[in-house]
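Remarks on the overall topology
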Amino acid sequence: MSTMRMKHLSSVANDVVQACAVRLNTSVDKLVEEFEATSSWNNETTPSHGAGADGGMYGRKFIEFCSAKGVSELCQNNIEEKIADGIFSRFTFDMMLSWEIPDSAQEDSFTECVGKEKEDKKVVAKLPPEQDDVSLFYTDLMPLLVDNERNIGEDAFVWLGSLVPLVTDVVNGRFTFETLTATTGNRLYFPAYDKYIKEIDKCIKHLLKQAKPKGVELADDEFILHVEGTASTQRVVRHIGGTSWPGKLTLTNYALYFEASGVITYEDALKIDLSKDKEQSVKPASTGPWGAPLFDKAIVYESPKLSEGIVLEFPEITSSTRRDHWLALMKEIMLMHRFLSKIKLECPIQAWEMHARTILSIIRLHAAREMLRISPPEPTRFLIFSLFEELPKGDYILEELAESLKKVNSGHPCSASSILRSMIISESIHSSVEVTEVGKESAGASGPVEDTSLLESVINQAREEEKEIAIAKASTEGLKEEGITESTTIFMELLKPIRNTWPWFEEVLTWERPAATLIVIGAALIVTYKEWVGKAIAAFLVWVVAKMIRARQERIDEECKELVVYTASEQTTVENIVSAQQGVQTVHEMVKKANVSLLKLWSIFISKAHKHANTAMVVLSAASIFLAVVPMKVFIMGALLYYFTMSLVSKLGKIEERNQGFYRRLKEWWDSIPVIPVRVVDEVPNSPNRMKCVDARG
């Protein structure tokens, strides 16, 4: 067997190629011949053994070819032992390193940069003893941050996910990587990666040991994903009215099971099916003693099939992290089943592939929570459907996911279903015949996913939009934390430009500016008569655009970095309290007047005030006949002319007494309308309607 080393490849790339040759029981020469004979390289225009950029492209393509074959053999059998021995993590990490630096020229450049960093550190090392102690302190506390060891970036991590879905899923790999490397400068080191892989294996073994819910039979392809409420885990409580029932809660990829605690053992499980009802929902809820909503640590499950929601509480002292974790997992299962029912896959093996990818995403979330216990990660960054439910353009990504799912080779050893089957599930779920058939249908695919370029472009676009939305939301956080007084002051100041223009409109309406008034009357009459309302709106929108362009040319955005609102007042504390009290009284009076007006209108509508109801019916009938006969534009033009004419005559003072007499008669008529008495009863109503009409007897 040849141990030839290729000069144009980096040292780590040569090591990976040699390891792949050993695993495949072949030579490097034969791998090169097989690679150059494939269409994936013949389509390229670069030379096979070139240098520089061409050599780097050749090296990366060759590494992808060898890695796909090597990792396929790695996943075929005893993957748990290889993870426990560290073989899997070391080999896959070297694959990512070689993919990131495949060319010897790139490796020389990288070595030079590392040498410069070491020289800089030597200069920095000549510091006072106390500062040197600080660096040693951090070295002791953070063993995962190994400065001298090579590390990998986001692209290499996502590329590995396209080959081995155990590590990450190609659709959310970038979000997973961001979370895992948030404290290490967005670079992943081998100690952290090795711990991450071993935590995944440990979580799988832990879930396999969990007892099945009592009194139910799990489906063949149903896998336990999370359990709490046992003796070794934290409590889960179900609330039914004013009573509470502690018990065990189990989540699978199909349903949620709650087993109430009995005297000796658990009672038969209550099954909450998450796979069939499209109208079901889960949302946060608050619970407390005697049903009082004091503690925001619960979940309520609602469905049209249930008369009332199922409330489950996850007690903890400080935050609601457990509740949020369970809520995200339940939503993920529900969204997965809605996705599968929507795309309607023809082959059940492809549906199981999506199940497997979802199960692995939840297992990776468990592993990350074990690694990052001090600061638990956000669940949606590891899940698939919950992430794209919130992400902008997430529906587009799910559409591309549905298309790529149809191209997945489920029979490949490194597919999600194959990995899951080899690690946790027996062959009885889907027979080997079915898997073989799917493998034949997808022949030619070298890995789980054949082409993800379009999916990657949609994901990258969604990430950029998410960052823009995050920046926009961050700019509003300060306003949300303001009190009612500050918020009211800000609101009034923001309306000040509109309030400043209102006096001009008043002057136009009252003939204080005769020229402007005549122009407004003429324009309004022409627009109404010609029925140019749409054109008038279009002209207004063009005027707004012109104002925006002018503001951009004057660079107002550069001058206005922030708005400063002054809330202090010259009034004393007592005066401020009196003003606030007067404001509350004013609002109270407005609410009372509104109630009285509504009651008067209700009296007219039901003819409680018989005479006034007759007058109202006559006036409304006459108005309906008038509007039916006279064209609307004529009515509007007449109303405009009447208003401005009366405004001018009133300004001249000729018919002020007549107007005052009319308004006085109208006020007297309104005041004479009796209202229906209202009686407030301090009782809980029998029906959802909190108001009803009763006769004199009660």
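Residues numbered from 1 in each chain as written. Predicted model: local features only at pLDDT ≥ 70, side-chain atom pairs only at ≥ 80, totals over all residues. Heavy atoms only, no water.

Attention shifts here to the packing of aromatic side chains. According to the stated counting rule, one finds 13 aromatic pairs in the structure shown. Note on Trp-99 and Trp-159: the rings are 5.6 Å apart at their centroids and 15 degrees apart in plane angle, and the pair reads as stacked. Taken as a pair, Trp-99 in helix H6 (residues 87-100) and Trp-159 in helix H9 (residues 154-163) lie far apart in primary sequence, 60 residues in all. No difference in accessibility class separates Trp-99 from Trp-159, as the two residues are buried. Ring geometry for Phe-175 versus Phe-388: centroids 6.5 Å apart, planes at 80 degrees, classification edge-to-face. Residue Phe-175 is located in helix H10 (residues 173-180), and its partner Phe-388 is located in helix H14 (residues 385-390); the two are separated by 213 residues in the primary sequence. For Phe-175, a relative accessible area of 0% corresponds to the buried category. On the basis of relative accessible area, Phe-388 is assigned to the buried category, the value being 2%. An aromatic cluster of three or more residues is present, and its members are Phe-35, Tyr-58, Phe-62 and Phe-65. We note Arg-463 situated over the ring of Phe-175; from NZ or CZ to the ring centre the distance is 5.8 Å. (Phe/Tyr/Trp six-rings, centres within 6.5 Å; stacked < 30°, edge-to-face > 60°. Helix = DSSP H or I, 4+ residues; strand = E, 2+ residues; numbered from the N terminus. Buried < 20%, exposed > 50% of the residue type's maximum accessible area, 1.4 Å probe, protein only. Lys NZ or Arg CZ within 6 Å of the ring centre and 35° of its normal.)

A few words on the pairing of strand E5 (residues 243-252). Across 4 bridges, the pairing between strand E3 (residues 224-228) and E5 is antiparallel. Bridged to Ile-224 within E5 is Thr-252. Pairing of strand E4 (residues 236-240) with E5 involves 5 bridges; the strand directions are antiparallel. Across the sheet, the residue bridging to His-239 is Ser-244, located in E5. Linking two consecutive strands that pair antiparallel, namely E4 and E5, is a turn of 2 residues; a positive phi of about 65 degrees is found at Gly-241 within it. (Pairing = 2+ DSSP bridges.)

Counting residues in each nonpolar core, the largest one holds 91 residues, and the members touching the most others are Phe-62, Phe-88, Val-164, Leu-166 and Tyr-193. Excluding anything up to four places from it in sequence, Leu-166 contacts Ile-79, Ile-83, Phe-88, Ile-200, Leu-360, Arg-364, Ile-419 and Met-423. Core analysis: the next-biggest nonpolar cluster, separate from the first, contains 26 residues, Phe-175, Met-336, Met-354 and Ile-384 among them. (Core = buried A, V, L, I, M, F, W, Y, C linked by side-chain atoms within 4.5 Å. Contact = heavy atoms within 4.5 Å.)

For the chain, mean pLDDT is 78; residues scoring 70 or higher make up 78% of the total. Mean pLDDT values for the elements of the chain range from 36 in helix H8 (residues 129-141) up to 94 in E3. Contacts for the low-pLDDT stretch residues 43-53, under 50 throughout, to residues beyond four places or in other chains number 17 contacts. Here residues 121-146 is modelled with pLDDT under 50, and outside its nearest four sequence neighbours on either side it reaches 9 contacts, counting other chains as well. (pLDDT = per-residue confidence, 0-100.)

This next bit is on the pattern of salt bridges. Tallying each qualifying case throughout the model produces 25 salt bridges. Arg-187 is the salt-bridge partner of Glu-100, the closest N and O atoms lying 3.1 Å from each other. Of this pair, Glu-100 sits in helix H6 while Arg-187 is found in the loop between H10 and strand E2 (188-189), placing the two residues 87 residues apart along the sequence. The salt bridge partner of Arg-463 is Glu-178, with a shortest N-O separation of 2.3 Å. Of this pair, Arg-463 sits in helix H18 (residues 453-474) while Glu-178 is found in helix H10, placing the two residues 285 residues apart along the sequence. Given the relative accessible area of 9%, Arg-463 is considered buried. (Salt bridge = Lys/Arg side-chain N within 4 Å of Asp/Glu carboxyl O.)

Turning to helix H21 (residues 496-509), a few remarks are in order. Its 14 residues give H21 an end-to-end C-alpha distance of 20 Å, which sits within 8% of 20 Å, the value for a rise of 1.5 Å per residue. Count one or two residues on from H21 and you reach Trp-511, which has phi positive near 65 degrees. (Expected span 1.5 Å × (residues − 1).)

Here we take up the side chain of Ser-67. Here Ser-67 shows up in helix H4 (residues 52-74). The buried category is assigned to Ser-67, whose relative accessible area is 0%. A distance of 2.7 Å separates a polar atom in the side chain of Ser-67 from the backbone oxygen of Ile-63. Setting aside anything within four residues of it in sequence, one finds Ser-67 in contact with Val-16, Cys-20, Ser-72, Met-95, Trp-159 and Leu-163. (Polar contact = N/O pair within 3.5 Å; in protein donor to acceptor, adjacent residues only side chain to side chain.)

Moving on: the pairing of strand E10 (residues 310-313). Of the two faces of E10, the one carrying Ile-310 and Leu-312 and the one carrying Val-311 and Glu-313 are both buried. Here E4 pairs with E10 via 3 bridges, running antiparallel. The residue of E10 that forms the bridge with Arg-238 is Leu-312. Pairing of strand E9 (residues 295-302) with E10 involves 4 bridges; the strand directions are antiparallel. When the bridges of E10 are listed, Tyr-301 appears paired with Ile-310.

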